[in-house]
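Okay, here's what each chain looks like letter by letter:
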Amino acid sequence: MQKFTSKKILVYLPKFSALKSITSIHNSFIKSVALLQEKAKERKQTGTFVVEGRREIELAISGGYQIETLLFNPELFSTELLRSIDCNDIVEISREVYSKLAYRDTTEGVIAIARAKSHQLSDLKLRENALILVAEAPEKPGNIGALLRTADAANLDAVIIANPIGDLYNPNIVRSSVGCLFTNQIAVGTTGEIIRFLKQSEIAIYCAALQNSTPYHQQDYTGSSALVVGTEATGLSQAWREASSANIIIPMQGQIDSMNVSVAAAVLIFEAKRQRNFN
C-alpha cells in the first residue's frame, strides 16, 4: 500500500498498478451500481447510494459520509486526484462503463458509492437559538435540492422534511442540491412527530399559509424558530396550521397567489437571517 497525505485527509491507496479494472457494462457489479441509480428500493435495501462528481464526493466525505467504493475513468479523472478522496476500494472503469453509469450531462469521470446516514429527529444537534426549515411533503426532487442549497447558503441549523414522498438519496436530489445534501443537518419524520419535537424543544413554529396570516416581515424570528413551508399546490396540512405560533404570508403583488416553494422559503429564511444580523 502507498501512503499519501493531503492538506485535508490522510488517505491510504493501493498502488495504481494494482487497482481493480472493469471494462464491461455487463459486469454484475456495474449492474448493481446502475440499480442504485434507478431504484429507491435498491438504495433502501443496501443502505447505499451513488454520488457523482469530485466536489460532491468531497462534500460527502467532509459531511461524515462513508465512501465504500470509488469508480473512475482515467481518461476523464486523474489518478493524482484520488489522493484527496478517502476510500480504499477503488475501481478503474472504461469510458463505456462510465457512460452507462454517469447521470449528469457534464461529467468529471468519478463516481462513488456511499453509505446512507440515519436522519432521525433525535440525531439533530441544535444550538440554543436555532433556525430551522421544515418542508412538508415536497414532491419534486429539484425543489428539495433547491431548498437544501438555500439552507446551506443561509447556514441553517437543520432542514426537516415532513411526510417525505421519496428517498433523500434520489440521484435527482443529489444532483440538484450540488452537494448540499451533505452539508446540511437533515431529519425526516411525520408531521405529528416533528410538531412534537419542535414544541418539546421550545422552537416557535411559523407556517407559510394563506389563512389567518400576517406579512412575514412583521414577525420576530430572533428566537428559536422553525419556518414551515408546504407544496405550492396544496399548502400545509391542518395539523401545522393548528400548531403554528403564527401563520405568515408573502404578499403577492401580481396576478397569482403563490410562489415556488424553494423561492418562498428563501424569502422567509433570509428575512430571519436579516433580523439576526446574518448570524
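About the cut-offs
- Residues numbered from 1 in each chain as written.
- Predicted model: local features only at pLDDT ≥ 70, side-chain atom pairs only at ≥ 80, totals over all residues.
- Heavy atoms only, no water.
- Salt bridge = Lys/Arg side-chain N within 4 Å of Asp/Glu carboxyl O.
- Helix = DSSP H or I, 4+ residues; strand = E, 2+ residues; numbered from the N terminus.
- Buried < 20%, exposed > 50% of the residue type's maximum accessible area, 1.4 Å probe, protein only.
- Phe/Tyr/Trp six-rings, centres within 6.5 Å; stacked < 30°, edge-to-face > 60°.
- pLDDT = per-residue confidence, 0-100.
- Contact = heavy atoms within 4.5 Å.
- Core = buried A, V, L, I, M, F, W, Y, C linked by side-chain atoms within 4.5 Å.

A. Structural context of the pattern of salt bridges. Applying the stated criterion across every chain yields a total of eight salt bridges. In this structure, Glu 68 engages Arg 115 in a salt bridge whose closest nitrogen and oxygen atoms are separated by 2.8 Å. A residue pair is termed long-range when its members are at least 10 positions apart, and Glu 68 in strand β5 (residues 67-72) and Arg 115 in strand β7 (residues 110-115) qualify at 47 residues. The exposure class of Glu 68 is partly exposed, given its relative accessible area of 27%.

B. Structural view of the packing of aromatic side chains. Evaluation of the coordinates by the stated rule reveals six aromatic pairs. With a centroid separation of 5.9 Å and 85° between ring planes, the pair formed by Phe 49 and Tyr 65 is classed as edge-to-face. Of this pair, Phe 49 sits in strand β4 (residues 48-52) while Tyr 65 is found in the loop between α3 (54-62) and β5, placing the two residues 16 residues apart along the sequence. In this pair, the class of Phe 49 matches that of Tyr 65, namely buried.

C. Spotlight on the confidence of the model for the protein. Model confidence for the protein is summarised by a mean pLDDT of 90, while 93% of its residues fall at 70 or above. In the predicted structure, residues 1-18 sits below a pLDDT of 50 and forms 39 contacts with residues beyond four places in sequence or in another chain.

D. Looking closely at the nonpolar core. Membership of the largest hydrophobic core comes to 51 residues, with the highest contact counts inside it found for Ile 57, Leu 70, Leu 148, Leu 181, Phe 182 and Leu 227. Excluding residues within four positions of it along the chain, Leu 70 makes contact with Ile 57, Leu 82, Ile 85, Cys 87, Asp 89, Ile 90, Val 91, Val 110, Ile 111 and Ala 112. Listed in part, the 21 residues of the second largest apolar core include Ala 187, Ala 226, Val 228 and Leu 236.

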